[in-house]
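Observations on the model geometry
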Amino acid sequence: FSLSAMYYYRLHIFLCFALLISFSATAQQASQFEKQADAKLSSYAFDEASILYKRAHDVSNDSSFKTRMLEKITQCDNGMQMLSFACEPIVVASKKVPRNSFYQYYSHIEHDRWAKLSSGEIVSFSPDMKTLFFSQDNLGQRDIYTSTKINDTLWSTPTLMGNVFLSSKDEIMPLISFDGEKLYYSSQGLFGMGGYDMFVSEWDENSNSWGEPQNMGFPFSSVGDDFLFSDTPDGNYSIFASNRDCSKDSVIIYVLEFNNTPLKSSLSASQAQRIGALEPQPQQEAKDQSALYDSSTPSNSSLTAYQASLSEYWAIKDSIFSAMQKQNETRRRLSSTVNDADSKLLERKIASSEVQIFELQHRMGQASANLQQAELTLLAQGIVPNSEPKPAKHPISQSPQHSRPDNPFTKIESPKVADLIFEEPQETFDYSFRVLDEAIFAESNELPSGIIYQIQILSSTRPATLKQLKGLSPVFEKKQSPSKYIYCVGRFSKYYEAQTALKTVKKRGFSSAFVVAFNNGKSLSLANARKVEASAANSARFQLVFTDYPDGIPAPILEVIRASCSKDIARRSSDNGEIIYYIAPFDDKNEAEALLAKLLAVGVQGASIETI
């Protein structure tokens, strides 16, 4: 028996050792696949990187490693989609600067638009200096906060931007545009190809809120970290920073020629590497691109229509810029005026200019739509339009401000430390169900809208004491008549949550307690409440599916999709190698059907709608 035991002991040790070697070899193989995939990812070969990440995922036995591989596969899918709808901007200049002071090279932004909090956070102000934006740590990740000015010395309690700005990872470096209509920032967790991608959200006057952020696309967003996008005040250039081709302690600031209607097309990995490097182009190269508008160009009615649309767009844009300059000057005068009569006159001028700017912006929206349609018409004829306006018809092109800057990187002073005083946050009542040493009554007996479940614990002819409630919190007191009081605890949006809490309540001595339900504050039977809850949980969502484009979705079709919705587009390979595109999610089937009709009209074959 002793020899047998020794044999099995040695066999056990041998098997454990063999298993350890096997695990080690598997981990090494998975790591090797990941390194190869990372190299492909950095060179924008997303399809090859995706295959290698999948191999790494399949051979690994580490759950956290497999989760990371799935995230990277998603990045590859996103990258392939972004390269199928990318542009090639004209790069004017670039400069490598220290990362910890790169703000100081954004000399086109007025010095008082920046500030530094005592905590070291950089904040940016809106053009009217009444709102500030900054990023700070929130439970282990960075999120975007905003605050509004109350008076000369006090700011409102910083609040998180809306849910559409939140992701599972960091959001950093918010900056509002000079016209106050766009908010730019960078995110690690939203739809992107890796690192920090740049996003833009537009202000919606109708809803009085910021719209859903959109990835700015390649090459503004890359496989590196990209951040702090800004157009120059004159609207001629765009500037942003990236670490895509430098060490972690540095960033490169790029200056690009502004182009509101860039031509977008599908790029190969090699093209993406070249364009993503953002090498400054010699001035002569940019001039050569105006050949499409030379007098020697053959007459073409579509080209003439495109030129007219482009000139109209820039003329309106110039008018908006001029009107906003005048309005900002009037606001500055108003802020320093103490005479009531002068103040009222300036306020009337500001109101009048706001109406004028609103009308111009409406015209620019229509002009932009006309321009996009004219561009699609040219593309259908095989003509690639140049998005730069004809020099002879664009006044900005002839002004000294529009000349290509030879040295745009003038270093300015570090942002001043702002002594900003924020309102103390108001404590909000915690309505979560819990058991305390002493019970707490709810701050308000009003129930939120929708289906809410509570646990009724007792009824009494006289008000209950805290001792009677045995630490259950929060307790809702409802007086049904002069001599009848009903006491409920908690408020739950799910029936199973109330049922789980009911067990705790009964263990506290309330053996006859039971669950009750309400809909918009009114009593409802449990059966009906659960039906409403199940109906909401089972409400269908939809996705639009189509195939037949292995080399990427053609630009005209992408234009139709982007003009119709802001849904994500995912690309997947089926088991037989077929490329399938998914546009999702749609909560409203009518919206999906409307897009389907448009795609069928432009020649997309085999598109269909599926229930998710």
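Residues numbered from 1 in each chain as written. Predicted model: local features only at pLDDT ≥ 70, side-chain atom pairs only at ≥ 80, totals over all residues. Heavy atoms only, no water.

**Notes on the overall build of the protein chain**
Formally: Put simply, DSSP H or I for four residues or longer makes a helix, DSSP E for two residues or longer makes a strand, and each gets a number counted from the N terminus. Only protein chains enter the accessibility calculation, which uses a 1.4 Å probe; a residue is then buried when its area is under 20% of its type maximum, exposed when over 50%, and partly exposed in between. Should any heavy atoms of two residues lie within 4.5 Å, those residues are counted as being in contact. All accessible areas in this document rest on Shrake-Rupley with a 1.4 Å probe, and a residue is counted as covered only by the protein chains that are shown.
The secondary structure content of the protein chain amounts to 12 helices and 27 strands. A burial count over the protein chain gives 42% of its 612 residues as buried. Across the protein chain, contacts joining residues at least 24 apart in sequence account for 64% of those joining residues at least 6 apart. On the protein chain, roughly 33,000 Å² of surface is accessible, and the fraction owed to carbon and sulfur atoms is 51%.

**Regarding the packing of helix α11 (residues 555-564) against helix α12 (residues 589-601)**
Rules: What counts as an axis is a line fitted to C-alpha atoms, over the stretch in contact for a helix, and the angles between N-to-C directions run from 0 to 180 degrees. An angle counts as roughly parallel when it lies under 35 degrees, as roughly antiparallel when it exceeds 145, as roughly perpendicular when it falls between 65 and 115, and as oblique in every other case. Definitions for this section: a left-handed crossing has its near helix turned counterclockwise from the far helix by less than a right angle. A right-handed crossing has that turn clockwise. Side-chain classes are defined by residue name, with Ala, Val, Leu, Ile, Met, Phe, Trp, Tyr, Cys and Pro counting as nonpolar, Asp, Glu, Lys and Arg as charged, and the others, Gly among them, as polar.
Between α11 and α12, whose axes approach to 10 Å, the crossing angle comes to 160°. Taken together, α11 and α12 sit at an angle that is classed as roughly antiparallel. Seen from above, α11 lies across α12 with right-handed handedness. Contacts between α11 and α12 involve Ile557, Val560, Ile561 and Ser564 from the former and Leu595, Lys598 and Leu599 from the latter. Across the contact of α11 with α12, the residue classes tally to 5 nonpolar, 1 polar and 1 charged.

**Some thoughts on the nonpolar core**
Counted only if it meets this: By nonpolar core we mean a set of buried residues, namely Ala, Val, Leu, Ile, Met, Phe, Trp, Tyr and Cys, connected to one another through side-chain atoms within 4.5 Å.
Within the largest apolar cluster, 24 residues are counted, with the highest numbers of intra-cluster contacts made by Tyr453, Ile455, Ile457 and Val505. The set of elements that each furnish at least two residues to this core consists of β18 (451-460), β21 (484-492), α9 (495-507) and β22 (514-519).

**Let's talk about helix α3 (residues 63-83)**
Worth spelling out the cut-off: Working rule for helices: expected span equals 1.5 Å times residues minus one.
Look at α3: 30 Å from first C-alpha to last across 21 residues, which is about the 30 Å you get at 1.5 Å a residue. Residues of α3 that are buried: Phe65, Met69, Lys72, Ile73, Cys76, Asp77, Asn78, Gly79, Met80, Gln81, Met82 and Leu83.

**Quick notes on the pattern of salt bridges**
Under the convention used in this document: Any Lys or Arg side-chain nitrogen located within 4 Å of an Asp or Glu carboxyl oxygen qualifies as a salt bridge.
Inspection of the entire model under this criterion finds 9 salt bridges. Across the pair Lys54 and Asp58 runs a salt bridge, and its minimum N-O distance is 3.3 Å. On the criterion of helical spacing, the pair formed by Lys54 and Asp58 is a turn pair, its members being 4 residues apart in helix α2 (residues 46-59). A residue is classified by how much of its surface remains accessible, and Asp58, at 46% relative accessible area, is partly exposed. With its nearest N and O atoms 2.6 Å apart, the salt bridge here joins Glu121 to Arg142. With a gap of 21 residues between them, Glu121 in the loop between β2 (114-116) and β3 (122-125) and Arg142 in strand β5 (residues 141-148) connect regions that are remote in the sequence. Judged by relative accessible area, Glu121 falls into the buried class, the value being 18%. What makes Arg142 partly exposed here is its relative accessible area of 25%.

**Structural notes on the packing of aromatic side chains**
Given two aromatic rings, one states the distance between the centres and the angle between the planes to describe the pair. This is how it is decided: Note on aromatic pairs: the rings of Phe, Tyr and Trp (six-membered ring only in Trp) are paired at centre separations within 6.5 Å, and the planes decide the class, stacked below 30 degrees, edge-to-face beyond 60, tilted for the rest. Throughout this description, the term charge over a ring refers to an Arg CZ or Lys NZ atom that lies within 6 Å of the ring centre and within 35 degrees of the ring normal.
This model, assessed by the stated rule, comprises 24 aromatic pairs. Each ring, one from Phe125 and one from Trp155, has its centre 5.8 Å from the other, and the planes form 55°; the classification is tilted. In this pair, Phe125 is assigned in strand β3 and Trp155 in strand β6 (residues 154-155), connecting sequence segments 30 residues apart. The buried category is assigned to Phe125, whose relative accessible area is 6%. Aromatic pair Phe433 and Phe492: ring centres 5.9 Å apart, planes at 55°, arrangement tilted. Of this pair, Phe433 sits in the loop between β16 (421-422) and β17 (434-435) while Phe492 is found in strand β21, placing the two residues 59 residues apart along the sequence. Phe433 sits in the partly exposed class, given a relative accessible area of 22%. An aromatic cluster is present here, built from Phe102, Tyr103, Tyr106, Trp114 and Phe227 joined pairwise through their rings. Across the ring face of Phe178, the terminal group of Arg113 is positioned such that the distance to the ring centre comes to 5.3 Å. The ring of Phe510 is capped by Lys470, whose NZ or CZ atom sits 5.3 Å from the centre of that ring.

**Examining unusual backbone geometry**
A cis geometry characterises the amide bond from Phe218 onward to Pro219, with omega recorded as 10°. Within the secondary structure, Pro219 is located in the loop between β12 (214-215) and β13 (226-231). Following Ser473, the chain continues into Pro474 via a peptide bond in cis, with omega recorded as -10°. With respect to the helices and strands, the residue Pro474 is situated in the loop between β19 (472-473) and β20 (475-481). Not every positive phi belongs to a glycine, and Met173 is a case in point at roughly 50°. For Met173, a relative accessible area of 15% translates into the label buried. Of note in the backbone geometry, Lys470 takes a positive phi value of approximately 55° without being a glycine. Residue placement: Lys470 occurs in the loop between β18 and β19. Given the relative accessible area of 36%, Lys470 is considered partly exposed.

**Quick word on the sheet that holds strand β1 (residues 91-98)**
Convention followed: If DSSP finds at least two bridges between two strands, the strands pair.
Spatially, β1-β15-β14-β13 is the arrangement adopted by the 4 strands of the open sheet, whose pairing is antiparallel. At either end of the open sheet lies a strand with only one pairing partner, and these are β1 and β13. Sheet twist, expressed as the average angle between the axes of neighbouring strands with direction ignored, equals 15°.

**Observations concerning the environment of Tyr254**
Structurally, Tyr254 is set in strand β15 (residues 250-257). According to the relative accessible area criterion, Tyr254 is buried, its value standing at 2%. Sequence spacing of Tyr254 and Phe409 is 155 residues, and the spatial spacing of their C-alpha atoms is 9.9 Å. In contact with Tyr254, not counting residues within four places along its chain, are Ala93, Ser94, Ser238, Ile239, Phe240, Ser242, Arg244, Asp245, Ala277 and Leu278.

**Observations concerning empty space enclosed by the protein**
Filter applied, for reference: We place a 1 Å grid over just the protein atoms. Points where a 1.4 Å probe fits but has no way out form a cavity, open points with protein on both sides within 12 Å along at least 5 of 7 lines form a pocket, and any residue with an atom within 4 Å of a point lines it. Grid points are joined across faces, edges and corners, and a volume is the space filled by probe spheres set on the points.
One pass over the full model with this rule turns up 2 cavities of 30 Å³ or more. Its volume calculated, the second largest cavity comes out at about 30 Å³. What lines the second largest cavity is simply Tyr103, Gln104, His111, Trp114, Ile412, Glu413 and Pro415. Split into classes, the residues belonging to the lining of the second largest cavity amount to 4 nonpolar, 2 polar and 1 charged.

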